[in-house]
Amino acid sequence: MKHLARQFRRFLRYKRTLALGLLCIPIGAAADLWLTILVGDALDQLKTAENADFLARLFFLTFGVALVRGTFRFYQRWWVVGVSRYVENDLKQDLFDKLLALPLSFHHKNRSGDLVSRITSDVENIRMFLGPGLMYTLGACCMLPLSIGTMLVLNAPLAAAVVVPLVIMGLGMWLLSPRLQKHSLAVQETQADLSARAQETFAGVRIVKGYAREDEQAAKFDAVSRANFRHQVELGRARGLSSAITWGSKDFTYLPILFIGGWSMIDRDFQAGDLFKFVDLTFKVFWPIIAVGWLAGVFPRAQVSAQRVQELLDAPNPIADPPEPVRLDAVRGHFRLVDVSFTYPGAPAPALSRITFEVRPGEVVGIVGATGSGKSSLLNLFARLYDAQGRIELDGVPLAKLELATLRNALGYVPQDSFLFSATWRENLSFGSDHELSDAELAELSKLVCMTDEVTRFPRGYDQTIGERGVTLSGGQRQRSCIARALAKDPPVLILDDALSAVDTETETALVRHLKHAGHGRTVILSAHRLSTVRHADRIVVLDGGRIEAIGTHDELVARDGWYRTTWARQQAQEELAEL
């Protein structure tokens, strides 16, 4: 309940609108009750009236009261439910902002489908309970005492008899509540499993089709879907029982009304108008109770959803701006690493151990090593995607003291997985810039990354829409597009994480030459498996098992024994064989 209470505080941001909506509820309820009394009294007057003059007055009075009731009923929904929509929008934005701020380690531990479920269906469950649910609850709190009080005045024994089905309904809802909560939680969790399974399958659809695993993936989805189905059925059964108890209790009220009320009419102690009031007031009592019964079914789901949402909002974020962040007016790109070590959460061994070296402003530094040597891990630390032990400085300021926006705005980062959005080529490249790129700027960028011919062949040129994750492009085209996106930002520091692995050697040679020209005065840090990519770097850092094996120029490293010399000789021999 405490999690729902925390979410309700968001409603208090819209106090004025919420107060207006809540004020409309008792006025609408009073007008509703007045209508019943007017019609009941009119039925009694019809028995004794000598003319129909009073009907004209009754018509206009009833019309006015009905108009008031309709107006206030409209505005209670407009304002209260409207506030719930504002709260829903705010909560979704807060969740989205939180997900963007959380470190990569969080996203690696949590499934995308589950996170999407929290930001969509969980938020909707909270909105339904705190928005319409609040309106229905307050409506019941207003209508019940007014209606029952009026019935007690009309006929106390009959009113007492009508209360008995209400007690039965309340007891039934109390007994069903644990069952509703249990299956609500199961439904939410299996729904998240469904989203995660679908998202993972469609994201890796190439692999699924390439290995002819469609049937296997369909079977896995079917298993999760059946689990969700079972819990949905159990939840539906529980909610069905809840509905049956509610409506059954309502129907049972007709028995005392007909028996006691009818007996009173026979004894002439009860008028026809009073009997009408009792029947109509019974409807007015039970409709809010039915709404509360619906709310009782929604409450367990909202409670579970609020817990899931709050877990996400309260997730710790170790990589955040310090209390008093340092801002650099101009980034020169001078990095210094001293005794840097890093271990992934839950990993048995460190990915990096006691790394110490320096990247001077305007320098091109290559990072090489065998697979698993720690190249990508090291490059991630420059952007502070992870925090490490030891000391990393940019222009003399420790990264932990820098404002994150200052650090990351200074970097043009091309990760190993060349991700592109499902948008136009222009929009993908403009993602790295503060403005939409012009045709001239796009032409220059496509030239720098050796994509002029490919872009020219696009049916719509720069405005060609590429598929999700760049599926319509080849691996090399995706990598070069990502490099162009980084260059569009014109950053003082360019970081390339094996960003040329899918490019042929001829294109690689031209691209490296262009990058060297474009990177004049810019700090460039790049990792690569092919040593030809880094042979012209000012310095090359060789990693082995997360440690620095050697640092030097290409010529210096080739002249000494070690991994670099052996790998260079092997790769050169492979290229010569490929040319035969």
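Residues numbered from 1 in each chain as written. Predicted model: local features only at pLDDT ≥ 70, side-chain atom pairs only at ≥ 80, totals over all residues. Heavy atoms only, no water.

Colleague: For this particular structure, what's the right way to read the packing of aromatic side chains?
Modeller: Applying the stated criterion across every chain, the model contains 15 aromatic pairs. Between Y14 and Y86, the ring centres sit 5.4 Å apart and the planes meet at 20 degrees, which makes this aromatic pair stacked. Within this pair, whereas Y14 is found in the loop between α1 (2–8) and α2 (15–48), its partner Y86 is found in helix α3 (residues 53–101), the two being separated by 72 residues in sequence. Taking relative accessible area as the criterion, Y14 reaches 22% and is therefore assigned partly exposed. (Phe/Tyr/Trp six-rings, centres within 6.5 Å; stacked < 30°, edge-to-face > 60°. Helix = DSSP H or I, 4+ residues; strand = E, 2+ residues; numbered from the N terminus. Buried < 20%, exposed > 50% of the residue type's maximum accessible area, 1.4 Å probe, protein only.)

Colleague: Sorry if this is basic, but what is going on with the sheet that holds strand β1 (residues 335–342) here?
Modeller: Backbone hydrogen bonds are what pair the strands of a sheet, in a parallel or an antiparallel way. Ordered by their spatial adjacency, four strands build an open sheet running β2-β1-β4-β5, and the pairing between neighbours is antiparallel. Each edge of the open sheet carries a strand with a single partner, namely β2 (352–359) and β5 (397–398). Where β1 lies against β2, five bridges are found, and the strand directions are antiparallel. Among the inter-strand pairings, L337 is bridged to a residue of β2, identified as F357. (Pairing = 2+ DSSP bridges.)

Colleague: What exactly am I supposed to notice about the pairing of β1 here?
Modeller: On any regular strand, side chains alternate: one points to one face of the sheet, the next to the other face. As defined by bridge partners, β1 adjoins strand β4 (residues 389–394) across five bridges and the pair is classed as antiparallel. Pairing of L337 across the sheet is with I392, part of β4.

Colleague: Help me understand the domain arrangement of the chain, please; the structure alone is not making it clear to me.
Modeller: Interfaces are frequently sized by the accessible area removed from exposure as the parts join. Per the domain assignment, the segments making up the chain are domain 1 (1–155 + 291–316), domain 2 (157–269) and domain 3 (335–420 + 492–578). Computed over C-alpha atoms, the centres of domain 1 and domain 2 are 20 Å apart. Contacts between the two partners involve 23 residues from domain 1, matched on the other side by 21 residues from domain 2. For the pairing of domain 1 and domain 2, the buried interface totals around 1800 Å² over both sides, and the portion due to carbon and sulfur atoms is 61%. Among the residues of domain 1 in contact with domain 2, N155, R301 and V304 are the three that bury the most area, contributing 32% of the side total. Here domain 1 is connected to domain 2 by zero salt bridges. (Domains from an automatic or database assignment. Contact = heavy atoms within 4.5 Å. Buried area = accessible area lost by both parts, 1.4 Å probe. Salt bridge = Lys/Arg side-chain N within 4 Å of Asp/Glu carboxyl O.)

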